[in-house]
Amino acid sequence: MSPTTRTLFRGAEVVVTMDDARREIRGGDVLVENGKIVAAGENLPRDNAEVVEAAGCVITPGLVNTHHHLFQTLTRAVPAAQDAALFGWLRTLYPIWSRMTPDDIRMSAEVGLAELAMSGCTCSSDHLYLFPNGSRLDDSIEAASQIGIRFTATRGAMSIGESKGGLPPDALVEDEAAILRDSERVVEAFHDAGAGAMVQVALAPCSPFSVSRELMRDAAILAREKGVRLHTHLAENDEDIRYSLDNFGMLPGDYAESLGWTGDDVWHAHCVKLSAPEIDLFARTGTGVAHCPCSNARLASGIAPVRAMRDAGVPVGLGVDGSASNDCSHLGLEARQAMLVARLKDGPAAMGAREALEIATLGGARVLGRSDIGALKPGMQADLVLWDVSDLPLAGQWDPVAALVFCAPIRPRAVYVGGRAVVADHRLLTADPRDLRARAERAVARLAG
């Protein structure tokens, strides 16, 4: 559909608006014009609009992914890394990643973003923190343009190699002055601060154990000069905490605060091991968290205290994390896992399906600093998903909204970004999945050789 036309999505099983009243409209409609939501309600007038019949579907805002490493899509289920914790997992995979080319980075991002789109994701961040063999952030941005979903490209970095006490091999680290120069370049070249932006840029030194204190500080200063956001990994597991205490003499949250890494323009990935005082710090400062429950379970990092974070007022979104530590990129599964592990940690009433869905939409939008997406209300971008609840796997459900989470994964019938169809009739429209798979298989054969 063209974004300059009026389109009426008519007769949905339920429209989940995520508006201020959290309205759910049975048999509802959504009217879109010029790529934005005009109205969500019952029996909306057609008024010369193109009609998309939504019977048998639940319509929700597009899902928002707040943490990913798209370059890892080519290293799913690597045998030697299947049963490792974080640090051992990284040491196993660094040598493989060091052989990747710019074409690998671009194609890996295309595959991951296509997978995300087909899971109902309309906006994703990506944390690219290594640049082997001439790779650049530009490569993943080109992939996002091809697939057609909104993209927060974070310019990651590693600067402290093994010879200086860091985790990554020296061959994968960069000079810090060069990192800052390229960070400034990509912000100026690609960042769009306006409503409806398709590409935004954030600065994202990889982690406290792979960059210096000076780079963390200087990246924060540069980001605020340029008006962009900040992102890194924090407090991911017990090893992470020990490293922080041994090397900085403080907990990760306190270390972040000491270098300017708290505030409503900052979000941290994982935060599995945040203490109660650190949670209070994040709540006071509006510092966001990308909750990655599947990856945290895969690497046995632990269960993040999301109930405590939410109750304190910490902004929380969902992240699928890299496909080498999650092995798939399905945000519906991530929402389900978030609900389940919250209950495992804090009891059966700790999180319901609707709260998990809210975290996956509005929560993610807030974490990424986007006030133009995450809800279906007038003036918001027309990023929406038609979830097919007529499929056999949902036969017998009593609550189609809760079923989106309890019964995940659900196949989107259609996905729209700014009113443009990216997925229709369960098919990706912006790339050929068979071609992507074939290219990925050739790349894996080369990387494994």
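Residues numbered from 1 in each chain as written. Predicted model: local features only at pLDDT ≥ 70, side-chain atom pairs only at ≥ 80, totals over all residues. Heavy atoms only, no water.

You'll find the protein chain entered in an unreviewed UniProt entry as 8-oxoguanine deaminase, with Paracoccus benzoatiresistens given as the organism. Listed in UniProt under the heading Sequence similarities (unreviewed entry), the comment for the protein chain reads: "Belongs to the metallo-dependent hydrolases superfamily. ATZ/TRZ family." (UniProt positions renumbered as here; feature names shortened; annotations may be inferred.)

Trainee: Summarise the sheet that holds strand 4 (residues 29-33); cite the residues concerned and give the values.
Mentor: Reading across from one edge, 5-4-1-6 is the order of the 4 strands in this open sheet, with mixed pairing throughout. Whereas interior strands pair on both sides, the edge strands pair on one side only; in this sheet they are strand 5 (36-41) and strand 6 (50-53). The average angle at which neighbouring strand axes cross in this sheet is 20°, direction not considered. The pairing of strand 1 (residues 6-10) with strand 4 spans 4 bridges and is classified as antiparallel. Residue Phe9 lies in a different strand from strand 4, and its bridge partner there is Val30. (Pairing = 2+ DSSP bridges. Helix = DSSP H or I, 4+ residues; strand = E, 2+ residues; numbered from the N terminus. Axes fitted to C-alpha atoms, helices over the stretch in contact; angles between N-to-C directions.)

Trainee: How would you explain helix 3 (residues 137-147) if you had to name every residue and give the values?
Mentor: Helical periodicity: at 3.6 residues per turn, an α-helix aligns residues three or four positions apart in one direction. Of all 11 residues in helix 3, 8 are buried; the element is thus mostly enclosed. Two residues or fewer past helix 3, Gly148 is found with a positive phi of approximately 95°. (Buried < 20%, exposed > 50% of the residue type's maximum accessible area, 1.4 Å probe, protein only.)

Trainee: Quick rundown of unusual backbone geometry? Include the residues and the values.
Mentor: Leave glycine aside and you will find that most residues have negative phi; peptide bonds, for their part, are mostly trans. Ala408 connects to Pro409 through a cis peptide bond whose omega is 10°. Phi at Asn43 is positive, roughly 50°, even though this residue is not glycine. On the secondary structure map, Asn43 appears in the loop between strand 5 and strand 6. In this structure, Ala235 takes a positive phi of about 50° despite not being glycine. Positionally, Ala235 belongs in the loop between strand 12 (229-234) and helix 6 (238-248). With relative accessibility at 0%, the residue Ala235 sits in the buried group.

Trainee: Residues and numbers for the sheet that holds strand 19 (residues 427-428), please.
Mentor: Across a sheet, strands are paired by hydrogen bonds formed along the backbone, either parallel or antiparallel in direction. The mixed open sheet is built from 7 strands, whose spatial order is 3-2-7-16-17-18-19. Since the sheet does not close on itself, it has two edges, and those belong to strand 3 (24-26) and strand 19, each with one partner. Sheet topology note: the strand 2 (residues 14-16)/strand 7 (residues 57-61) ladder contains 2 bridges and is parallel. Residue pairing in the sheet places Val14 in a bridge with Val58 of strand 7.

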